[in-house]
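# Per-entry structural report
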Amino acid sequence: MTTTDRAARRGVTLGDAAREFLRHPTPWMILAFLAGTVAARVAVGGGGLVDLWAPLVFVALFPFLEWVIHVFVLHWRPRTVGPITLDTLLARDHRRHHAAPRDVDLVFIPTRALPWVIVGLGIAAPLGVGALIGAPVHATLTFMLVEALFLLGYEWTHYLVHTDYKPRGRAYKAVWRSHRLHHFKNEHYWFSVTTSGTSDRVLGTYPDPGTVETSPTAKNLHGLDGLGS
């Protein structure tokens, strides 16, 4: 009996899942980003109503940002232009993740890609947009802090859904079911990860599961055997 089988038999607790989560590097990388944004926000000081708008805007946009990244970045289909194949690390690793959804090491954001995600989307983009629209520095830092929290929440939620931890709360059960349908029913639907289909419902990718055929390529995205182009 494998370790996974034994864990499944005894029942994985939330504490078990959390301890395993913290054995991986990406949560610590995100926590470092979060600590840095908290320190910067405290150092800058100030504040006001504009600091409330930043989190509200991000909370409203995050489900759709998550959907766009999942559809157009992670599910990117390799394209050949002459002798060159256009593919990405994130797309390749996501195909591996679909091929082996129970492999915990493939659940996390790739460690080679995460620094670029943090620097690009977590730091450079907010600073650039903030400067462009004339937002106060303290509001931009508040926005970045909320980004860091949501990135950590995404990593934890996605990881937890792929463990043997069984859903208990109604909200988490809905999130768990939606993402499991994406992996084991049909990869063309249910792209939300941290919500139970918020963006999917708006964008038309949240059908009644009973009306959807089980996809033969849910574990073999684009028919590429999960590993590469």
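Residues numbered from 1 in each chain as written. Predicted model: local features only at pLDDT ≥ 70, side-chain atom pairs only at ≥ 80, totals over all residues. Heavy atoms only, no water.

Take Thr-157: it is sitting in helix α7 (residues 137-161). Beyond its immediate sequence surroundings of up to four residues, Thr-157 is in contact with Val-175, Val-193 and Thr-194. (Helix = DSSP H or I, 4+ residues; strand = E, 2+ residues; numbered from the N terminus. Contact = heavy atoms within 4.5 Å.)

Turning our attention to the confidence of the model for the protein. The pLDDT averaged across the protein works out to 91; a share of 93% of its residues lies at or above 70. When the elements of the protein are averaged for pLDDT, helix α1 (residues 3-10) gives the smallest value, 46, and helix α3 (residues 25-44) the largest, 97. (pLDDT = per-residue confidence, 0-100.)

Moving on, we come to the pattern of salt bridges. Inspection of the entire model under this criterion finds seven salt bridges. For Arg-23, the salt bridge is made with Glu-20, and the minimal N-O distance between the two is 2.9 Å. Look at Arg-23 and you get exposed, because its relative accessible area is 59%. For Glu-20, a relative accessible area of 26% gives the class partly exposed. Overlapping salt bridges, with partners in common, bring together Asp-93, Arg-96 and Arg-112 in one network. (Salt bridge = Lys/Arg side-chain N within 4 Å of Asp/Glu carboxyl O. Buried < 20%, exposed > 50% of the residue type's maximum accessible area, 1.4 Å probe, protein only.)

One pass over the full model with this rule turns up 13 aromatic pairs. Relative to Phe-62, the ring of Phe-58 lies with its centre 5.6 Å away and its plane at 40 degrees, an arrangement referred to as tilted. Linking Phe-58 with Phe-62, this pair stays in helix α4 (residues 50-74), spanning four residues, or about one helical turn. A relative accessible area of 11% means that Phe-62 is categorised as buried. With 5.5 Å between their ring centres and 25 degrees between their planes, Phe-108 and Tyr-159 make a pair best called stacked. Taken together, the residues span a long stretch of sequence, with Phe-108 in the loop between α5 (89-99) and α6 (114-133) and Tyr-159 in helix α7 at a distance of 51 residues. (Phe/Tyr/Trp six-rings, centres within 6.5 Å; stacked < 30°, edge-to-face > 60°.)

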